[in-house]
Amino acid sequence: MDARGERGNAHDGYHDIQKTNKAFETYYKAQNIVPESEWETFLDCMRSPLPMTFRINGSGKFATDMRDQLEGTLFAELLKEELKDEEQNELPPPKPLAWYPERLAWQCSYTRAQLRRLPALQGIFDFIKNANELGSISRQEAVSMIPPFFLDAQPHHRILDMCASPGSKTFQILERMHGDFDGNTKLPTGIVVANDVDLKRCNLLTHQTKRANSPTLLVTNHEAQNYPIIKGPKGELFDFDAILCDVPCSGDATMRKAPDIWNRWTPGNGNGLHTLQLRIAARGAQLLKVGGRLVYSTCSLNPIENEAVVAALLKECDGALELLDVSDELPDLKRSPGLRDWQVWDKFGYHPSFRGEEQMFKLCETMFSDEETKKLPLERCLRLLPHHQDTGGFFVAVFQKVKPMEIKEDVNAKKQTVKERVRLSLNVNAKNEIEMSHEVITLARKGQTASIPPEVDDKGEYLLPHRGATGPNGGSRWLGIDPVLPVNDPKVINSIYSVYGIESDDIALHKNCVTRTADTSRPKRVYTITDSLRQYLACDVNESLRVTSCGLKAFERQEIKDEVKEQEETSGAMCDFRLTQDGIPMMFPFVRKRIIRPTFDDFKAILERRTLAFEYSAEAPQRAVISCAETKKALLDLTLGCCILVPRDEDLAAINVSKADLAIACWRGRTSCNLLVSKAETIHFIDKIKVNAAVKMDTS
Ligand SMILES: C[S@@+](CC[C@H](N)C(=O)[O-])C[C@H]1O[C@@H](n2cnc3c(N)ncnc32)[C@H](O)[C@@H]1O
């Protein structure tokens, strides 16, 4: 039995681990991060399993409806009776996180094992499992939800998440950017750049944030401490309104979730990361706009990874950064103040001050608190202690940039060859190098790039450069990474505009579409991006950014045989590009053509059977056939190709779902209409209909 009166699942391995570590206890007692009177409670809590928490995704009506459903059914049942586990220990009911706005994040005081095991918790277990898979909730540690709140992200902001994978905080930021976008409100105009040093983790990040369907998202793969500096043609820095530095750390505040840390903890774990953490935060400070916010966070309790980094950053920035007092933000969040003084230890013991020889022990001056440090308002930092709110531990510091600061160039970045610099600065492919002017080559030899400004449109906005797509790395500076190329072939874009009835005044696809296909007149996938994202990419004339994913995949090439095209084009326009299901939430408000409103029965039938034939066929008697003559006629009146099916208004009203929420991509074929939605997504739609219909019946 542990401190919480819980027995772990014999198979979860949790209780096989010895949760003591003398060095850990000595170290943190000496650091005074916890008042003496709370020490034992703190240790007990660190040894107990972490309760499961989740937050409801999205915002506005969708999220509050979901919460009301949850409170109205599942949680109400649990609140009615006293819950006990097998050993008759009382299990408190789920409760909303006190500090999280609008009761949209919840904490269940059960372990995962209990959730799986106890029959009374079956409903909650199923709900969490399904809702997480379908993307309506995110299981996320309570403390990990905190940093994005302090960023104060707005839809028009440029935001940089420097160490972003697996992306739970990026996802929160994107939700905040998109707010209640429903086609009546404006699309976010800002950008979110999410970066990670690990390419595989960049791909994970792209996958985890896919549900946000965001045209503002750019995923890059760089060392955050050397993040590229992008400047506009007049030398103006492309800086960010908000930057999150959720840096790599020892993670010793996550012992409740990862108890193996008890066995491997040493003071050296934190010491070894201090310099990298400081370098990442310092790069963040350089890239921050004056007036913008930088949030530094770790899931470590260690002052060397926390206050020491904050103090060194403040000193290094020489008055350009101010550490903010955020005590009036998230007022219900219990927090401990940061320390002004701490101790430096390593495996040899305690080092009272930095005298120089400590360097031999891999300690550095910035780890120590000196007289200057003690004058800094470090109590403004937030340390979240596990026993205060039954969470994991965390550390957060919020800065504001108050004046410009010097920017050091990226000294460690991979050196470009002269030829490469010339090629990149001119945006020409390797074969054309022969035509480079003497002047440009001289500049490149001096280590400078020729400042070829990005192309500008009649409104003075920067357009994306046409990079050579046949260069040594498939047109990209980066081996294995396809270049980001503009799709502005009028044939492609005009066909999309006209076939789907999209107005260029509503959404400027001709400027804001990109592809990774070398032949931009026949792109495989077309991604939409926001104006700001285009400006950022356009200013990157030297292709310094290693972009692993960019914008929202809105259209995909659908090969249509030429003879079919010929026949069809006599009866109307055809488009080689189908709308993707991911693109529908964003594009639907702008689409005026090829929308079909079937009866609810036909709509459900196509979701369940994936295809609806126009006519009954004796050769395929099992095929479902469209039942409504009006829907059939509307479909037959379309040329072959993609269309969007949306239930009729009265049916949507009956289940309280919006048009954009149940708009599905289909293909109008010769003899049938077919779903273009994956099986997993189809289940999501069927569930949405079922859940909403059940709730409606419940409440009526
Ligand atoms: C604490 S995790 C970030 C968690 C993430 N912010 C989230 O909320 O899902 C730290 C991340 O930093 C990445 N990382 C480590 N060193 C880095 C560096 N030098 N530059 C950029 N990212 C780095 C790791 O790959 C890891 O994904």
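Per an unreviewed UniProt entry, the protein goes by SAM-dependent MTase RsmB/NOP-type domain-containing protein and derives from Ostreococcus lucimarinus. UniProt, in its Sequence similarities (unreviewed entry) section for the protein, records the words "Belongs to the class I-like SAM-binding methyltransferase superfamily. RsmB/NOP family." Under the heading Subcellular location (unreviewed entry), UniProt records this for the protein: "Nucleus".

Draft legend 1. Quick look at the overall build of the protein. When helices and strands are tallied, the protein shows 23 helices and 28 strands. Classification of the 700 residues of the protein by burial places 55% in the buried group. In the protein, the proportion of contacts linking residues at least 24 apart, taken out of those at least 6 apart, comes to 75%. Total accessible area computed for the protein in this model is approximately 31200 Å², and 51% of it derives from carbon and sulfur atoms.

Draft legend 2. Molecular detail of the UniProt feature "binding site: S-adenosyl-L-methionine" (unreviewed entry) in the protein. According to UniProt, the feature "binding site: S-adenosyl-L-methionine" (unreviewed entry) maps to D196 and D246 in the numbering used here. For the annotated residues, spread through 51 residues, the largest C-alpha to C-alpha distance comes to 10.7 Å, consistent with a single compact locus. Mapped onto the fold, D196 is located in the loop between β8 (191–195) and α8 (199–208). Beyond its immediate stretch of four places on either side in the chain, D196 contacts M162, C163, A164, S165, R201, C202, T220, N221 and H222. Relative to the elements of secondary structure, D246 occurs in strand β10 (residues 240–246). For D246, a relative accessible area of 17% corresponds to the buried category. At 2.7 Å, the side chain of D246 and the side chain of K169 are in polar contact.

Draft legend 3. Representation of unusual backbone geometry within the structure. With an omega dihedral of 10°, the bond running from S165 to P166 counts as a cis peptide bond. Looking at where P166 falls in the secondary structure, it is placed in the loop between β7 (158–161) and α7 (168–178). Residues other than glycine seldom take positive phi values, yet D390 does so here, at roughly 55°. Relative to the assigned elements, D390 resides in the loop between α13 (386–389) and β17 (394–401).

Draft legend 4. Expanded view of the pairing of strand β11 (residues 288–298). Of all the 11 residues making up β11, eight are buried; the element is thus mostly covered by neighbouring parts of the structure. In this structure, β10 lies alongside β11, joined through six bridges in parallel fashion. Looking at β11, one finds that I243 is bridged to L294. Relative to β17, β11 runs antiparallel, the two sharing six bridges. Counterpart to V295 in the pairing with β17 is V398.

Draft legend 5. Main features of the packing of helix α10 (residues 267–287) against helix α11 (residues 307–316). Where α10 meets α11, the closest approach of the two axes is 10 Å, and the angle between their N-to-C directions is 45°. For the element pair α10 / α11, the angle class is oblique. Here α10 and α11 pass one another in a crossing that is right-handed. Only A308, V309, A312, L313 and E316 of α11 make contact with α10, whose side of the interface consists of H274, Q277, L278, R279, A281, A282 and A285. The residue inventory of the contact of α10 with α11, partitioned by class, reads eight nonpolar, two polar and two charged.

Draft legend 6. Highlighting the site of the ligand. Lining the immediate environment of the ligand, one finds 20 residues, of which K169, D196, R201, A224 and D246 sit closest. One nitrogen or oxygen atom from the side chain of S168 is found 3.1 Å from an oxygen atom belonging to the ligand. Contacts to the ligand include K169, whose side-chain N or O atom sits 2.8 Å from an oxygen atom. Protein burial of the ligand: of its 600 Å² of free accessible surface, 85% is covered by the chains.

Draft legend 7. How the structure looks around the nonpolar core. Counting 80 residues, the largest nonpolar core has M162, Y296, V310, F399, Y536 and L537 as the members making the most contacts within it. Beyond its immediate sequence surroundings of up to four residues, Y296 is in contact with C245, V247, Q277, A281, E305, N306, V309, V310, F395, V396, A397 and F399. Counting residues in each nonpolar core, the second largest holds 59 residues, with V492, Y500, V526 and L552 among its members.

Draft legend 8. Local environment of the packing of helix α1 (residues 22–31) against helix α2 (residues 39–47). Their axes nearest at 12 Å, the elements α1 and α2 cross at an angle of 135°. Judged by the inter-axis angle, α1 sits oblique to α2. Judged by the twist between their axes, the crossing of α1 over α2 is right-handed. On α2, the residues that touch F24, E25, Y28 and K29 of α1 are W39, L43, M46 and R47. Of the residues assigned to the contact of α1 with α2, the class counts are five nonpolar, no polar and three charged.

Draft legend 9. Spotlight on α10. Between the first and last C-alpha of α10 there are 31 Å, a value that for 21 residues agrees with the 30 Å anticipated at 1.5 Å per step. Helix geometry: α10 is bent most strongly at H274, by close to 35°. Most of α10 is tucked away, with 15 of its 21 residues classed as buried.

Draft legend 10. Structural detail: the domain arrangement of the protein. Segmentation of the protein into domains returns domain 1 (51–140), domain 2 (143–401) and domain 3 (594–698). Computed from C-alpha coordinates alone, the two centres of domain 1 and domain 3 are separated by 32 Å.

Draft legend 11. Structural view of the sheet that holds strand β6 (residues 137–139). Read from one edge of the open sheet, four strands run β4-β5-β1-β6, paired in antiparallel fashion. Strands with a single pairing partner mark the edges of an open sheet, and in this sheet they are β4 (95–96) and β6. Both strand β1 (residues 52–56) and β6 contribute to a ladder of three bridges, which runs antiparallel. Within β6, the residue paired with I56 across the bridge is I137.

What counts as what
- Residues numbered from 1 in each chain as written.
- Predicted model: local features only at pLDDT ≥ 70, side-chain atom pairs only at ≥ 80, totals over all residues.
- Heavy atoms only, no water.
- UniProt positions renumbered as here; feature names shortened; annotations may be inferred.
- Helix = DSSP H or I, 4+ residues; strand = E, 2+ residues; numbered from the N terminus.
- Buried < 20%, exposed > 50% of the residue type's maximum accessible area, 1.4 Å probe, protein only.
- Contact = heavy atoms within 4.5 Å.
- Areas by Shrake-Rupley, 256 points an atom, 1.4 Å probe, with all protein chains shown as cover.
- Polar contact = N/O pair within 3.5 Å; in protein donor to acceptor, adjacent residues only side chain to side chain.
- Pairing = 2+ DSSP bridges.
- Axes fitted to C-alpha atoms, helices over the stretch in contact; angles between N-to-C directions.
- Parallel < 35°, antiparallel > 145°, perpendicular 65-115°, else oblique.
- Left-handed = near helix turned anticlockwise from the far one by under 90°.
- Nonpolar A, V, L, I, M, F, W, Y, C, P; charged D, E, K, R; others polar.
- Near = heavy atom within 4 Å.
- Core = buried A, V, L, I, M, F, W, Y, C linked by side-chain atoms within 4.5 Å.
- Expected span 1.5 Å × (residues − 1).
- Bend = angle between axes of the 7 residues up to and from the residue.
- Domains from an automatic or database assignment.

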